Amino acid sequence: LENNDFEKLYIKLAFGGTKEKTTIEFEDATRKIFEQFGFKATKEDLKKKSGKKKSEIEIFLTNGKESAIVDSKSYANGYSLGAGQKDTMIRYINDFKDFKIGKKKHSLTFFAYVYGKSTGSMDNFYEIIKVTGMSGSRISARELLLLLEQFNAKKISKKEIWKLFQKNGEIT
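Residues numbered from 1 in each chain as written. Predicted model: local features only at pLDDT ≥ 70, side-chain atom pairs only at ≥ 80, totals over all residues. Heavy atoms only, no water.

## Overview of the overall build of the chain
For clarity, the cut-off: Only runs of H or I of at least four residues qualify as helices and only runs of E of at least two qualify as strands under DSSP, and these elements are numbered from the N terminus. Under the scheme applied here, a residue whose accessible area is under 20% of the maximum for its type counts as buried, over 50% as exposed, and between as partly exposed, the area being computed with a 1.4 Å probe on protein chains only. Throughout, a contact is declared for two residues whenever any of their heavy atoms are within 4.5 Å. Only the protein chains shown count as cover for residues, and the accessible areas themselves come from Shrake-Rupley with a 1.4 Å probe. Residues counted as positive are Lys and Arg, residues counted as negative are Asp and Glu, and His and the chain ends are not counted. Every charge is mapped to an atom, namely NZ of Lys, CZ of Arg, CG of Asp or CD of Glu.
Looking only at helices and strands, one finds 6 helices and 7 strands in the chain. Reading the chain from its N terminus to its C terminus gives the helix and strand order α-α-β-β-β-α-β-β-α-β-α-α-β. Burial status across the chain gives 48% buried among its 172 residues. Put simply, 67% of the contacts in the chain that link residues at least 6 apart link residues at least 24 apart. Entry remark: accessible area of the chain is about 9,100 Å², with carbon and sulfur atoms responsible for 48%. Distance from the positive charge centre (33 side chains) to the negative charge centre (23 side chains) of the chain: 5 Å.

## Some remarks on helix 1 (residues 5-14)
Selection rule: Note that the arc is defined by the directions from the helix axis to the C-beta atoms. Between N or O atoms, a polar contact is any pair within 3.5 Å; within protein, one atom must be a potential hydrogen donor and the other a potential acceptor, and residues adjacent in sequence are included only when both atoms are from side chains.
Listed as buried for helix 1 are Glu 7, Tyr 10, Ile 11, Leu 13 and Ala 14. Buried residues in helix 1, looked at end-on, bunch into an arc of 160 degrees, giving them a common side. The exposed set on the far side of helix 1, more than 90 degrees from its buried face, consists of Asp 5 and Lys 12. With a side-chain oxygen positioned 3.0 Å from the backbone nitrogen of Phe 6, the residue opening helix 1 is Asn 4.

## Section: the packing of helix 1 against helix 5 (residues 141-152)
To be explicit about the condition: Simply put, an axis is a line fit to the C-alpha atoms, just over the touching stretch for a helix, and the angle between two N-to-C directions goes from 0 to 180 degrees. By definition in this entry, angles of less than 35 degrees are roughly parallel, angles greater than 145 are roughly antiparallel, angles of 65 to 115 are roughly perpendicular, and the rest are oblique. Working rule for handedness: look at the near helix, and if it is turned counterclockwise from the far one by less than a right angle, call the crossing left-handed; if clockwise, right-handed. In this classification, Asp, Glu, Lys and Arg are treated as charged, Ala, Val, Leu, Ile, Met, Phe, Trp, Tyr, Cys and Pro as nonpolar, and every other residue, Gly included, as polar.
Their axes nearest at 9 Å, the elements helix 1 and helix 5 cross at an angle of 155 degrees. Classified by the interaxial angle, the pair formed by helix 1 and helix 5 is roughly antiparallel. Our pair here, helix 1 against helix 5, has a crossing hand that is right-handed. Taking contact as the criterion, the partners of Phe 6, Glu 7, Tyr 10, Ile 11 and Ala 14 in helix 1 are, on helix 5, Ala 141, Arg 142, Leu 144, Leu 145 and Glu 149. For the contact of helix 1 with helix 5, a count of residues per class yields 7 nonpolar, no polar and 3 charged.

## Observations regarding the pairing of strand 6 (residues 135-140)
Cut-off, in case you're wondering: Any two strands with at least two DSSP bridges between them are considered paired. Here the term right-handed applies to a crossover when the path leading from its first strand over the helix to its second strand runs clockwise, the strands being oriented away from the viewer.
Within strand 6, 6 of the 6 residues are buried, leaving the element largely enclosed by the surrounding structure. The alternating pattern of strand 6 places Ser 135, Ser 137 and Ile 139 on one face and Gly 136, Arg 138 and Ser 140 on the opposite face, and all of these are buried. Bridge count between strand 5 (residues 104-115) and strand 6: 6 bridges; the pairing is parallel. Bridge assignment links Ala 112 to a residue of strand 6, and that residue is Ser 137. Running through helix 4 (residues 123-132), the crossover from strand 5 to the neighbouring parallel element strand 6 is right-handed. Of the strand pairs in this sheet, strand 6 and strand 7 (residues 169-171) are connected by 3 bridges, and their pairing is parallel. What sits directly across from Ile 139, in strand 7, is Ile 171.

Honestly, that's just the spatial picture; any functional story needs more than this.
Here's what the structure looks like:
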C-alpha cells in the first residue's frame, strides 16, 4: 500500500468499532472505492406497499444490468458473521433480486462483505450462498485497497473485479 492519507483513514475506519459516525464513514469510503473501479455505488431503500422502509442497502452496486449488495462492517475486534446478520443478508438478496432503479431492472449477481478483520467461522457465509443460490465474497479493507492499487496500475480490469467478487469465498 502507498499509505496515503485515504488509505490510513480507511484502515482506521475499518477497525473503528460500531459507533454510528465511524460506521457511516466506513460505508461512504467503501462506496467511493467501488466507484473508483467504475461501478455506480448508491444507497437504496426498498419500500413496502404501505410506503414504510422494508430494506435499506448501504452499498448497492450497479454494473450495466447487473447489481450487487456490499455490506461493510466496522468492528474494533474483528467481524464475525452471526446468525442474525446471515438472515438479514438472505432477506436483502430476496428483496433486491430484480431491483428497479427508475425503470431499469438490475439482476442481482453477488453479495459481498468488506471488513477490517474477519473472526470466527465462515459457515454462515456459505449458508447464505447455499440458501439463496447467490454468489458471494468476503474481503478485508486492506485487500480492497490492494485491489484498488492493482486497478489503478491497470493490472486488473473493472470486468475482472466484478467477476472476482463472485468467487464464493475470501478475496486475497
